[in-house]
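Each chain, written out:
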Amino acid sequence: RPRSLSGIQATSDSLHLGNYIGALQQFVEQQDTHDAFFFIANQHAITVDQDPAELRARTLRTAAQFIGAGLDPARSTIFVQSHIPAHNQLGWVLECTTGLGEAQRMTQFKDKSAKNEHVSLGLLTYPALMAADILLYQTDVVPVGEDQRQHLELTRNLAERFNHRYGKAFTVPEPQILKATAKIYDLQDPTAKMSKSAKTPAGRIDILDEPKALAKKIKSAVTDAGTEIAFDREAKPGVSNLLTIYSSLSGRPVEEIVAEFEGRMYGHLKVALAELAVEALTPLRERTLELLDDPAELERVLHRGADAAEAVAGTTIADVYDKVGFLRR
Ligand code: ATP
Ligand code: MG
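All values reported here derive from a predicted model rather than from experimental measurement.

## A short note on the packing of aromatic side chains
Logical step 1: Using the criterion set out here, one finds nine aromatic pairs in the structure.
Logical step 2: Between Phe 162 and Phe 170, the aromatic rings sit 5.0 Å apart at their centres with planes inclined by 55°, giving tilted as the arrangement.
Logical step 3: The class for Phe 170 is buried, based on a relative accessible area of 0%.
Logical step 4: An aromatic cluster is present here, built from Phe 37, Phe 39, Phe 79 and Tyr 137 joined pairwise through their rings.

## Observations regarding the pattern of salt bridges
Logical step 1: Scanning the entire structure with this criterion turns up 16 salt bridges.
Logical step 2: Each member of the salt-bridge network shares a partner with another, and the members are Asp 13, Glu 54 and Arg 58.

## Notes on a negative patch on the surface
Logical step 1: Among the surface-exposed residues, Glu 286, Glu 290, Asp 293 and Asp 294 lie close enough to one another that they form a single negatively charged patch.
Logical step 2: In this structure, Glu 286 sits in helix H12 (residues 266-292).

## Considering the nonpolar core
For soluble globular proteins, nonpolar side chains are generally found buried alongside one another.
Logical step 1: Core analysis: the largest hydrophobic core is formed by 55 residues, its most contacted members being Leu 17, Tyr 20 and Phe 66.
Logical step 2: The greatest single-element share of this core, amounting to nine residues, is contributed by H12.
Logical step 3: Excluding residues that lie within four positions of it along the chain, Leu 17 makes contacts with Gly 22, Ile 184, Met 194, Ile 205, Ile 207, Ile 245 and Leu 281.
Logical step 4: If you look at the next biggest cluster of nonpolar residues, it comprises 41 residues, including Phe 79, Ala 103, Leu 152 and Ile 177.

## Concerning the pairing of strand S3 (residues 76-80)
Logical step 1: When you tally the buried positions in S3, you get five out of five residues, the bulk of the element.
Logical step 2: The alternating pattern of S3 places Ser 76, Ile 78 and Val 80 and Thr 77 and Phe 79 on opposite faces, both of which are buried.
Logical step 3: Sheet analysis places strand S2 (residues 35-41) next to S3, joined by five bridges and oriented parallel. Within S3, the residue paired with Phe 39 across the bridge is Phe 79.

## Concerning the site of ligand 1
Logical step 1: Neighbouring residues of ligand 1: 22 residues in total, closest His 16, Lys 112, Asp 147, Lys 193 and Ser 197.
Logical step 2: At a separation of 2.9 Å, a nitrogen atom of ligand 1 approaches a polar backbone atom of Met 194.
Logical step 3: Out of a free accessible area of 600 Å², ligand 1 has 96% covered by protein chains.
Logical step 4: Taken together, the elements giving at least two residues each to the shell around ligand 1 come down to strand S1 (3-9) and helix H1 (17-30).
Logical step 5: If one sorts the elements of the shell around ligand 1 by residue count, H1 sits on top with four residues.

## Remarks on the UniProt feature "binding site: L-tryptophan" (unreviewed entry) in the protein chain
Logical step 1: UniProt marks Asp 133 with the feature "binding site: L-tryptophan" (unreviewed entry), using the numbering shown here.
Logical step 2: Here Asp 133 shows up in helix H7 (residues 121-135).
Logical step 3: Excluding anything up to four places from it in sequence, Asp 133 contacts Leu 5, Phe 39, His 44, Gln 81 and His 87.
Logical step 4: At 2.7 Å, the side chain of Asp 133 forms a polar contact with the side chain of His 87.

## Comments concerning the side chain of Arg 3
Logical step 1: Counting through the fold element by element, Arg 3 comes out in strand S1.
Logical step 2: By relative accessible area, Arg 3 is classed as buried at 16%.
Logical step 3: Reaching out from Arg 3, the side chain makes a polar contact with the side chain of Asp 35 at a distance of 2.8 Å.
Logical step 4: Once residues within four sequence positions are removed from consideration, Arg 3 is found in contact with His 34, Asp 35, Phe 37, Tyr 137, Gln 138, Thr 139, Asp 140, Val 141 and Val 312.

## Let's talk about the side chain of Asp 186
Logical step 1: With respect to the secondary-structure elements, Asp 186 resides in the loop between strand S5 (174-176) and helix H9 (211-219).
Logical step 2: Although buried, Asp 186 forms no salt bridge, and the nearest oppositely charged side chain, Arg 204, lies 7.2 Å from it.
Logical step 3: Once residues within four sequence positions are removed from consideration, Asp 186 is found in contact with Ala 192, Lys 193, Met 194, Ala 198, Gly 203 and Asn 241.

Calculation rules
Residues numbered from 1 in each chain as written. Chains lettered and ligands numbered in written order. Predicted model: local features only at pLDDT ≥ 70, side-chain atom pairs only at ≥ 80, totals over all residues. Heavy atoms only, no water. Phe/Tyr/Trp six-rings, centres within 6.5 Å; stacked < 30°, edge-to-face > 60°. Buried < 20%, exposed > 50% of the residue type's maximum accessible area, 1.4 Å probe, protein only. Salt bridge = Lys/Arg side-chain N within 4 Å of Asp/Glu carboxyl O. Patch = residues over 30% accessible without salt bridge, like charges linked within 9 Å, V, L, I, M, F, W, Y side chains within 5 Å. Areas by Shrake-Rupley, 256 points an atom, 1.4 Å probe, with all protein chains shown as cover. Lys, Arg positive; Asp, Glu negative; His and termini not counted. Charge placed at Lys NZ, Arg CZ, Asp CG, Glu CD. Helix = DSSP H or I, 4+ residues; strand = E, 2+ residues; numbered from the N terminus. Core = buried A, V, L, I, M, F, W, Y, C linked by side-chain atoms within 4.5 Å. Contact = heavy atoms within 4.5 Å. Pairing = 2+ DSSP bridges. Near = heavy atom within 4 Å. Polar contact = N/O pair within 3.5 Å; in protein donor to acceptor, adjacent residues only side chain to side chain. UniProt positions renumbered as here; feature names shortened; annotations may be inferred.

This is how it looks when you write it as structure tokens:
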């Protein structure tokens, strides 16, 4: 089986619909077809300020949402990034493999450093740590959203560069970015990515939102000029975003939904989508809250995940250290 690996940052109490549709839904599907590794990126989280107690709680909440959404710890290795020190060990080696200009060209760095008053060095070196997350596990495919494409390209370059210079240590990974769902947009600003770090939560659907709040956000989504329900990213970004979400949550093609709503109004689409989203997310939310009632069990799952991850990561880092020329202890 090819190996799949991906991570989500522990930067919010709830994942949003972009994380769910762009990433987590793919994780769940890959359990059946891949040797699956999924982690909670608590180290990436501190590239921007985090409250310690909150970060700890959010790490468990993110794990609970992984499982609540359908990841099965018996079929997937679920772990916490900071539990595996080899991420940092390889991260350093890859920082030394990355050019400064190369890191400065990353658009996520440019965006996030423009938004934050205080810019940490970690925000710049983050892509090298992300490359380490992936390359440590000899990963074949990385399911992510569109915003991670550039980081994946860098990861591939670093793997090839290292392999070329020192001898083959890494599998060169492929991104898996599903064209239709790789970018879910903010409901209030359908030209911006739905993001945990967005200024206001009004345009963001959190998967743990209460049904009422969830329905309200969908019903007040910004739509476009005109009245026709059609998929057109340029002319109708708002409606197209709603159609994408509808399609993804229902598992039905966009054209079918467009045909169903022919001659009806934007409001009808919103009401139907609100109902669908509540129906799709309520079981996920209930399972997640149940899991959070028993943190000790969640911690056991993460402990077992760490053991399994460490076995793979340990082999890679030992090989890398040898190849780089670090004297054995
Ligand atoms: P932040 O704004 O703090 O970076 P985020 O919302 O981008 O948070 P991440 O934890 O950085 O969340 O990303 C986790 C995964 O979700 C990544 O694979 C990312 O590509 C994907 N993702 C994030 N936002 C979206 C979105 N709007 N549409 C589709 N996929 C998304
Ligand atoms: Mg992000």
